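Structural characterization, general
Listed below, chain by chain, are the residues.
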Amino acid sequence: MTHDLHPHAPLRLRDTPLPLIDKARIYVCGVTPYDVTHLGHAATFVWVDAATRVLRHIGIQTEVVRNVTDVDDVLTDAARLANTPFDAYAAMHQYQFDHDMSVLSVRRPDHEPRAHTYVPQVVALSQALLDRGAAYERSGSVYFRGAGVPAAHGIDDDDALAMCAEFGEQPGDPDKAHPLDVPLWRASGEGQPSWPSPWGPGRPGWHAECTAMALSVLGSSVDLHAGGADLRFPHHAFESAQAEAATGVTPFARAWMHVGTVLVDGAKMAKSTGNLVLVDDLVRDHRPAALRLMLLDRPWHQAWDYRPELLDAAEQRLDALYSAAGRRHDDGHTERAIVDLLLADLDVSAALDAALESGGGAARTLAAVLALS
Ligand SMILES: [Zn+2]
């Protein structure tokens, strides 16, 4: 790379500055490919893409890993209902997801590890945690000792148990020594995906899949770990606790990006409530760049309510950006100021306001960096 002799201030995410010299290792929790891509998924991946593009713009080499959770009970159940093998079912949904991401100009990640090809690494992780006394085996399953995890994240045990139950963690599993322990390896029953292991046939636990994929692909720690806000606990808390216990490297992630949840009439989108807003539907009547701008023109970490008027407003903001970009005005100073605004907690709204005001090169820079053209 060419080194800038007047480097920008580092990217700051909320209160965390993330100084980087040359490279950024970025891990983002990907989808469980059993369903359509909704606006909540799109928000997470568009934001991570924007952060990555800003870093690349200032000369940082990014290495992005976005996993595919293709071993998961919700996927297994959906595939069984569709009478399709789980891996074929996952591949079919993955194809649609990739299509939606490319429509939204989300760069393809450098690595897309699939959980079912990282089973040996989950076995190795489980063994490493057993060796360190951070895990124990019961009835063919291996559990990570999680009692201390909620307190480390400022969450009290009752809330933690409720959140674990919501994510199918089965706090009442009688094989657990403590209700907050989580499975690294789960003994498989009839009809469940199964691989051999030192503890008998089984399958990886959800958090352990991400721990194993992140450590395998990026090494003992990551610079930026991202995912939807609902993954903060239990998923990311246990994923990082497992990684730190296995490697001794702390922190596992130097910075976190938990992207704000997209709500509809105040409720989280869910197939069960029938309130999903699908990317595929929105891009039928709107420019993908407007959809991208609607997702980015707000604080990245705040939950927000989707309303169709917001997409119309984003169309207008996009037109304003394009006409500002057509103005003849270039000075390196305002272009640099735009990038500085983006580096300051990815403040796209402030950067867009400034670009609209100065026009010319500043507007073109913003459109280019955020892939809004
Ligand atoms: Zn994950």
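Refer to the structure above for everything that follows.
Figured I'd write up the structure that's included with this text. (Residues numbered from 1 in each chain as written. Predicted model: local features only at pLDDT ≥ 70, side-chain atom pairs only at ≥ 80, totals over all residues. Heavy atoms only, no water.)

**Details of the side chain of T69**
Structurally, T69 is set in the loop between β4 (61-66) and α2 (73-81). Engagement of the side chain of T69 in a polar contact is seen with the side chain of N67, the distance being 3.0 Å. If near-sequence neighbours (up to four positions away) are discounted, T69 is found in contact with V31, T32, P33, L75, A115, W206 and E209. (Helix = DSSP H or I, 4+ residues; strand = E, 2+ residues; numbered from the N terminus. Polar contact = N/O pair within 3.5 Å; in protein donor to acceptor, adjacent residues only side chain to side chain. Contact = heavy atoms within 4.5 Å.)

**Regarding the pattern of salt bridges**
With the rule as written, the count across this model stands at 19 salt bridges. Between E315 and R287 there is a salt bridge; the shortest N-O distance is 2.7 Å. In this pair, E315 is assigned in helix α11 (residues 308-325) and R287 in the loop between α9 (279-285) and α10 (288-296), connecting sequence segments 28 residues apart. Since its relative accessible area comes to 14%, E315 is described here as buried. (Salt bridge = Lys/Arg side-chain N within 4 Å of Asp/Glu carboxyl O. Buried < 20%, exposed > 50% of the residue type's maximum accessible area, 1.4 Å probe, protein only.)

**Side note on the sheet that holds strand β7 (residues 182-187)**
Across a sheet, strands are paired by hydrogen bonds formed along the backbone, either parallel or antiparallel in direction. A sheet is described by the order of its strands in space; here 4 strands give the open sequence β5-β6-β7-β8, paired in antiparallel fashion. Two strands bound the open sheet, and with one partner strand each, they are β5 (135-138) and β8 (202-204). Across this sheet, the average inter-strand angle for adjacent strands is 20 degrees, counted without regard to direction. Note that β7 and β8 share 3 bridges and pair antiparallel. Bridge assignment links A187 to a residue of β8, and that residue is G202. The sheet contacts of helix α4 (residues 119-131) involve β5, β6 (141-144), β7 and β8, and relative to β7 the element is tilted by about 125 degrees. (Pairing = 2+ DSSP bridges. Axes fitted to C-alpha atoms, helices over the stretch in contact; angles between N-to-C directions.)

**Examining the nonpolar core**
Core analysis: the largest hydrophobic core is formed by 68 residues, its most contacted members being L39, W47, M257, M294, Y306, L346 and L366. Element by element, the count of residues in this core is highest for helix α1 (residues 39-57), at 11 residues. Among residues more than four places away in sequence, those in contact with L39 are V262, M269, V277, L282, L291, M294, L295, W304 and Y306. Grouped together as the second largest cluster of nonpolar side chains are 47 residues, F86, L125, W199 and L218 included. (Core = buried A, V, L, I, M, F, W, Y, C linked by side-chain atoms within 4.5 Å.)

**Re the packing of aromatic side chains**
What describes a pair of aromatic rings is the distance from one ring centre to the other and the angle between the planes of the rings. One pass over the structure, following the stated rule, counts 6 aromatic pairs. Taken together, a centroid distance of 5.5 Å and an interplanar angle of 80 degrees make the contact between F45 and F97 edge-to-face. In this pair, F45 is assigned in helix α1 and F97 in helix α3 (residues 86-103), connecting sequence segments 52 residues apart. There is no split in this pair, since F45 and F97 are both buried. Ring centres of F86 and W195 lie 6.5 Å apart, and the angle between their planes is 85 degrees; this geometry places the pair in the edge-to-face category. Taken together, the residues span a long stretch of sequence, with F86 in helix α3 and W195 in the loop between β7 and β8 at a distance of 109 residues. Taking the ring centre of F45 as reference, the NZ or CZ of R66 above it sits at 5.4 Å. Its end group placed over the ring of W304, R298 keeps NZ or CZ at 3.7 Å from the ring centre. (Phe/Tyr/Trp six-rings, centres within 6.5 Å; stacked < 30°, edge-to-face > 60°. Lys NZ or Arg CZ within 6 Å of the ring centre and 35° of its normal.)

**Focus on the pairing of β5**
Of the pairings in the sheet, the one linking β5 to β6 comprises 4 bridges and is antiparallel in character. Bridge pairing in β6 links A135 to F144. Hairpin connection, β5 to β6: the antiparallel pair is bridged by 2 residues, and S139 has positive phi, about 50 degrees.

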